[in-house]
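Secondary and tertiary structure notes
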Amino acid sequence: MSFAWAKQYEPQSAFTKWIDEKLPLPRLVYNAVGAGYPVPRNLNYMWNFGVLAGFFLMVQIITGVVLAMHYAANGLVAFATVEHIMRDVNYGWMLRYAHANGASFFFIVIYMHIFRGFFYSSYKAPREMIWLLGVVIFLLMMATAFMGYVLPWGQMSFWGAQVITGLFGAIPLVGEPIQVWILGGYAPDNAALNRFFSLHFLLPFVIAGVVILHIWALHIPGSSNPTGVEVKQESDTVPFHPYYTAKDGFGLGVVLILFTAMVFFLPNALGHPDNYIEANPLSTPAHIVPEWYFWPFYAILRAFTGDLTIPFTGIVLVQAKLLGVIAMFGSILLWFILPWLDKSPVRSGHYRPLFRKFFWFGLIPTMAVLFYCGGAPAEQPYVLISQLATGYYFLHFLVVLPIISQIEVPKPLPFSITEAVIGKGSAPEAPRAGSVDGGDAGTAPEGSLQPAE
Amino acid sequence: MTIRLGGIIAGLAITAVLVLWSLLPGAYSYAFDPPAEPQPSAAFYEHGHGPEGGFAFDGVFGKWDMAQLQRGYQVYKEVCKSCHSLKFVAFRDLSQLGYTEAEVQAEAATWTIPGKDPATGEQTELPGKPTDYFPPVYYAGQGVPPDLSLITKARHDGSNYVYDLLTGYGEPDPAKAAKVGFETPDGLYFNKHFPNVNIAMPAPLSDDQLTYADGTKATTAQMAKDVAAFLTWTAEPSLVERRQTGWFVLGFLLFATTLAFLSYKQIWAGLKPKKK
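Attention here is on the structure that accompanies the text.

Here is what the cut-offs are and how they apply
- Residues numbered from 1 in each chain as written.
- Chains lettered and ligands numbered in written order.
- Predicted model: local features only at pLDDT ≥ 70, side-chain atom pairs only at ≥ 80, totals over all residues.
- Heavy atoms only, no water.
- Contact = heavy atoms within 4.5 Å.
- Buried area = accessible area lost by both parts, 1.4 Å probe.
- Salt bridge = Lys/Arg side-chain N within 4 Å of Asp/Glu carboxyl O.
- Polar contact = N/O pair within 3.5 Å; in protein donor to acceptor, adjacent residues only side chain to side chain.
- Helix = DSSP H or I, 4+ residues; strand = E, 2+ residues; numbered from the N terminus.
- Nonpolar A, V, L, I, M, F, W, Y, C, P; charged D, E, K, R; others polar.
- Phe/Tyr/Trp six-rings, centres within 6.5 Å; stacked < 30°, edge-to-face > 60°.
- Lys NZ or Arg CZ within 6 Å of the ring centre and 35° of its normal.
- Buried < 20%, exposed > 50% of the residue type's maximum accessible area, 1.4 Å probe, protein only.
- Axes fitted to C-alpha atoms, helices over the stretch in contact; angles between N-to-C directions.
- Parallel < 35°, antiparallel > 145°, perpendicular 65-115°, else oblique.

Contact with chain B, which involves 56 residues of that partner, is made by 72 residues of chain A. Around 5,300 Å² of area is buried between chain B and chain A when both sides are counted, 71% of it from carbon and sulfur atoms. It is B:Arg4, B:Trp21 and B:Leu271 in chain B that bury the most area against chain A; as a group they hold 13% of the surface buried on that side. Here chain B is connected to chain A by two salt bridges. For B:Arg92, the salt bridge identified is with A:Asp88, shortest N-O distance 3.4 Å. Run the count over chain B and chain A and you get 14 residue pairs in polar contact (both at pLDDT 80 or more). Elements represented by at least two residues in the side of chain B that touches chain A include exactly helix H1 (2-32), helix H6 (220-235) and helix H7 (239-269) of chain B. At 17 residues, H1(B) tops the list of elements feeding residues into the side of chain B that touches chain A. Residue classes in the side of chain B that touches chain A are distributed as 31 nonpolar, 13 polar and 12 charged.

Bringing the packing of aromatic side chains into the picture now. In total, this model carries 69 aromatic pairs over all chains according to the counting rule given. Summarising the aromatic geometry, the rings of B:Tyr73 and B:Tyr99 are spaced 6.5 Å apart at their centres and angled 70° between planes, so their arrangement reads as edge-to-face. Note that B:Tyr73 is positioned in helix H2 (residues 66-78) and B:Tyr99 in the loop between H2 and helix H3 (101-109), a separation of 26 residues in sequence. One residue, A:Lys232, lies across the ring of A:Phe415, its end atom 4.9 Å from the ring centre. Over the face of the ring belonging to A:Tyr45 we find A:Lys247, whose NZ or CZ atom lies 4.8 Å from the ring centre.

The full count for this structure, using the stated rule, is 19 salt bridges over all chains. Between A:Arg352 and A:Glu408 there is a salt bridge, and its shortest N-O distance comes to 2.8 Å. Highlighted residues: A:Arg352 in the loop between helix H13 (338-341) and helix H14 (353-375) and A:Glu408 in the loop between helix H15 (382-407) and helix H16 (417-422), separated in sequence by 56 residues. Residue A:Arg352 shares its accessibility class with A:Glu408, and that shared class is buried. B:Asp93 serves as the salt-bridge partner of B:Arg92, at 3.5 Å between the closest nitrogen and oxygen. Connected through salt bridges with shared partners, the residues A:Lys124, A:Asp342, A:Arg352 and A:Glu408 form a single ionic network.

As a further point, take the packing of helix H11 (residues 295-303) of chain A against H15(A). All names here are of chain A. Packing of H11 against H15 leaves a shortest axis separation of 9 Å and a crossing angle of 105°. Between H11 and H15, the angle is such that the two are roughly perpendicular. In this structure, H11 uses Ala-299, Ile-300 and Ala-303 to contact H15, whose residues at the interface are Ser-386, Gln-387, Thr-390, Tyr-393 and Phe-394.

Our focus in this paragraph is H11(A). Counting buried positions along H11(A) yields seven of nine residues, so the element is predominantly enclosed. For H11(A), the complete set of buried residues consists of A:Pro296, A:Phe297, A:Tyr298, A:Ala299, A:Ile300, A:Leu301 and A:Ala303.

Turning our attention to the environment of A:Tyr45. Mapped onto the fold, A:Tyr45 is located in the loop between strand S1 (38-40) and helix H3 (49-70). Given a relative accessible area of 34%, A:Tyr45 falls into the partly exposed group. Once the C-alpha coordinates of A:Tyr45 and A:Arg116 are considered, the two residues, 71 residues apart in sequence, prove to be 9.9 Å apart. Excluding its chain neighbours within four sequence positions, the residues that come into contact with A:Tyr45 are A:Lys247, A:Phe250 and B:Tyr264.

The structure is reproduced here in structure tokens:
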């Protein structure tokens, strides 16, 4: 794994030598996110979001573990213990608002991370496994976020749990028993709240485990980059530390400023007021909406309004609800076959003129429309618009991508990352020449660009 | 190749089902079916904008107006509490409104809390202590008046909503009401700022209904504004502290991010291609 010129960990003191012999954990970190990991030198800020996602996973785990010390998963007191956290626990309001908005920011950075993958085709060989593990992480995140939203036991918690578990009720024949089994009753109650709390505590650690696999799989081929041209020579890469620790550190600062602005000044802007009303099984809210990060998929779910019938006979083959459920899960599950749908040998959208048009004028507006319609009430014209967008969503991934990857004439690729960054004239003559700056090697930081001895 | 062919077929099939069985019938009925009749009440709803001049706590630098919160507490105690509980607030919390410890104790003692007689063990009512929470309310009429602890967070733009609701009572325009056949049902009251304009709560406030301890003139608007401010505090006691902490954290982050930017620039300086 890694490139021949990757720097080797060299323990300096007797103590670190001793540790390295017994348990080479510092060596592992050095090779994973330290100077021992050579990374393409041309990454833009879209490559920042993996680190940010890891950061917000840690924020969620740390705030969540402390919140769990003060919360009680019991339908009688759950809502009151959340208020206890808000009022009586020292800085409890800060913990809870950081956790609630942290979930939103986790999804923001994950969506940026996924769309980076879409545009730069990060899912293509040799990185399919990284992509597949990423989709698994995303599914786990959605399950975790849904169950976390149930825990405050407000109106939206309760009715959201009712609607989402009701999706399983759409399965023919066994649907209703499955829903009852999942909830532990006929409606969300103590049994459901308790198991959701248990799983909400467990799943983040499962996510952390899959994240480790995700990073492990990443270190086999190394990071992709905006040109989509694989690393060829040492001058194409820089060590992760200090180059990308510094760059990602700055990006983290910017995102933290936005996060702080939300937590301290608009903590409830992304939530729903109804969730400050205690759960009441006898009073249904006017509009049941999930959290904003589920809106695009909620729009797909609701786009199927008509049963699939045999025309003129009235025989129902598949109920509308089941069609919606299949489409909603299918819209994410199809990401699993994405590496094999898009067979264009060129990775980066910058060098794919046709793909690029469909990305910016097809997929992105479609996602924006689905997002908007998912948060809007289920009435016209939103239903009609979300149906058009849902149609394009499936066509884009399943029809457009396979076809354009066949017919598209890509633009010429640069020979190497170095050439893309510095320009043709000044590219080093021979691969693996030490200098990148065309004879001005003195300005390069010491050791970083020299051939491995 | 098989995957791509299967994908294309599946994609076309999903889209066909969506368009033929959902989109077209929906579009047809949207285009040709008569639109649903709007509720007659919808014509009378008016969106409120909160009190004139806003609240002292509005904006990112807003602070509590302690005198106003104390007046709002007086309105709650003399008007609202006969029907609405405040179960997440304790008497000890009143110290945040500028009352001294002795004042909080005296204030708590003016309330009666369900409890046990220490001598006989029988169910009885005891004077409140600072550690007690505001007592539950047993409402005799129909329905359950909502607990008010969180009401300003449980409604969109809640502080303004409470003010608008309390000042939104009146009579519907009779000419307009006759035209659309609108009538407020028996037992409900017309309120132009309530979502369906018929509310079960009769107008709770009227001018000079109470005498403010600090001598402020007790107009309906004044009392509505004061109690809306008080209920904003009960819903989010940490509001002002939260923003102050936020400014401190933001300042630190701006400083740290500037340093991060400078070190990023310095570390990458030797690597950036020279402009030719």
